[in-house]
Amino acid sequence: LILLDSLLQEGQKMNEIEEVREWLETVTGEKGLEWEITPQNIKYLQDLRAKNLQKEKLIQVTLAETEKLSHEYEGELKRLDKILKQLGIDSSLLSTTSASYLQVLADSCSLLEEDNIGRGLEVALSRALLQQADKAPSIASAKAKIEAVKIENLKLYSQLERLEEAVKLAKKEGDEDLELT
């Protein structure tokens, strides 16, 4: 029973080592990395791997949210462009600010003596401007989070690179020690 328990523990350690080895190969792009397998190194690399995977998940969530917001914004732009086309206005001649869209639509409706439509469009566009203004901080925040995660990943990769160099140096010193003995 004790032997079976010992064999199971060894199997689990081998699985942990294999997971870390595969992760290192994925991150560095190098096959067959050699490193000193100690409990401290395994623990450190497992922690680093967990942090890296967590950051990658955060990046994916942040990117998905940013993409969603981007699609919503593009949909609103298409809707506004459609309104302008219905009024016979070429949107390429306008500046890109939402305030210009609002003013052109209001002026067009006034020229057509469609005050009710103009006011309705003005209200609708005012709502769209408010929605756009409300979403701007979220988009900026998402971009800031993405940049922060990118910076954090660069730090992690830098740490990993230093660790890799330390492993190579330790291997070299170990080889030299073996040659001396």
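Residues numbered from 1 in each chain as written. Predicted model: local features only at pLDDT ≥ 70, side-chain atom pairs only at ≥ 80, totals over all residues. Heavy atoms only, no water.

(A) Main features of the overall build of the protein chain. Counting secondary structure elements, the protein chain contains 4 helices and 0 strands. Written out in order from the N terminus, the α and β elements of the protein chain read α-α-α-α. When contacts within the protein chain are restricted to residue pairs at least 6 apart in sequence, those whose partners lie at least 24 apart make up 62%. When the accessible surface of the protein chain is summed, it comes to about 13,200 Å², and 56% of that surface belongs to carbon and sulfur atoms. (Helix = DSSP H or I, 4+ residues; strand = E, 2+ residues; numbered from the N terminus. Contact = heavy atoms within 4.5 Å. Areas by Shrake-Rupley, 256 points an atom, 1.4 Å probe, with all protein chains shown as cover.)

(B) Local environment of the environment of V61. Summarising the element assignment, V61 is placed in helix 2 (residues 39-86). For V61, a relative accessible area of 56% puts it in the exposed group. When the C-alpha atoms of V61 and I146 are compared, they prove to be 9.7 Å apart, with 85 residues separating the residues in sequence. (Buried < 20%, exposed > 50% of the residue type's maximum accessible area, 1.4 Å probe, protein only.)

(C) Region of the structure containing the environment of V20. Secondary-structure assignment places V20 in helix 1 (residues 2-28). Ignoring anything within four residues of it in the chain, the contact list for V20 reads W35, I42, L45 and Q46.

(D) Broad picture of the nonpolar core. Membership of the largest hydrophobic core comes to 13 residues, with the highest contact counts inside it found for L24, W35, L45 and L160. For this core, the secondary-structure elements that each account for two or more residues are helix 1, helix 2 and helix 4 (115-180). (Core = buried A, V, L, I, M, F, W, Y, C linked by side-chain atoms within 4.5 Å.)

(E) Structural context of the pattern of salt bridges. Applying the stated criterion across every chain, the model contains 7 salt bridges. Linking E72 and K135 is a salt bridge whose minimum nitrogen-to-oxygen distance equals 3.1 Å. Here the residue E72 occupies a position in helix 2, and K135 occupies one in helix 4, the gap between them amounting to 63 residues. Residue classification places K135 among the partly exposed residues on the basis of a relative accessible area of 31%. The partner of K168 in a salt bridge is E164, and the shortest N-O contact between them spans 3.4 Å. Taken together, the residues K168 and E164, both in helix 4 and 4 residues apart, mark about one turn of the helix. (Salt bridge = Lys/Arg side-chain N within 4 Å of Asp/Glu carboxyl O.)

(F) Representation of the side chain of T62 within the structure. Relative to the assigned elements, T62 resides in helix 2. Those residues within four positions of T62 in sequence are excluded, and the remaining contacts are A142, K145 and I146.

(G) Looking closely at a negative patch on the surface. Together, E173, E176, D177 and E179 make up a region of like negative charge exposed at the surface. Take E176: it is sitting in helix 4. Overall, the relative accessible area of 39% leaves E176 in the partly exposed class. (Patch = residues over 30% accessible without salt bridge, like charges linked within 9 Å, V, L, I, M, F, W, Y side chains within 5 Å. Lys, Arg positive; Asp, Glu negative; His and termini not counted. Charge placed at Lys NZ, Arg CZ, Asp CG, Glu CD.)

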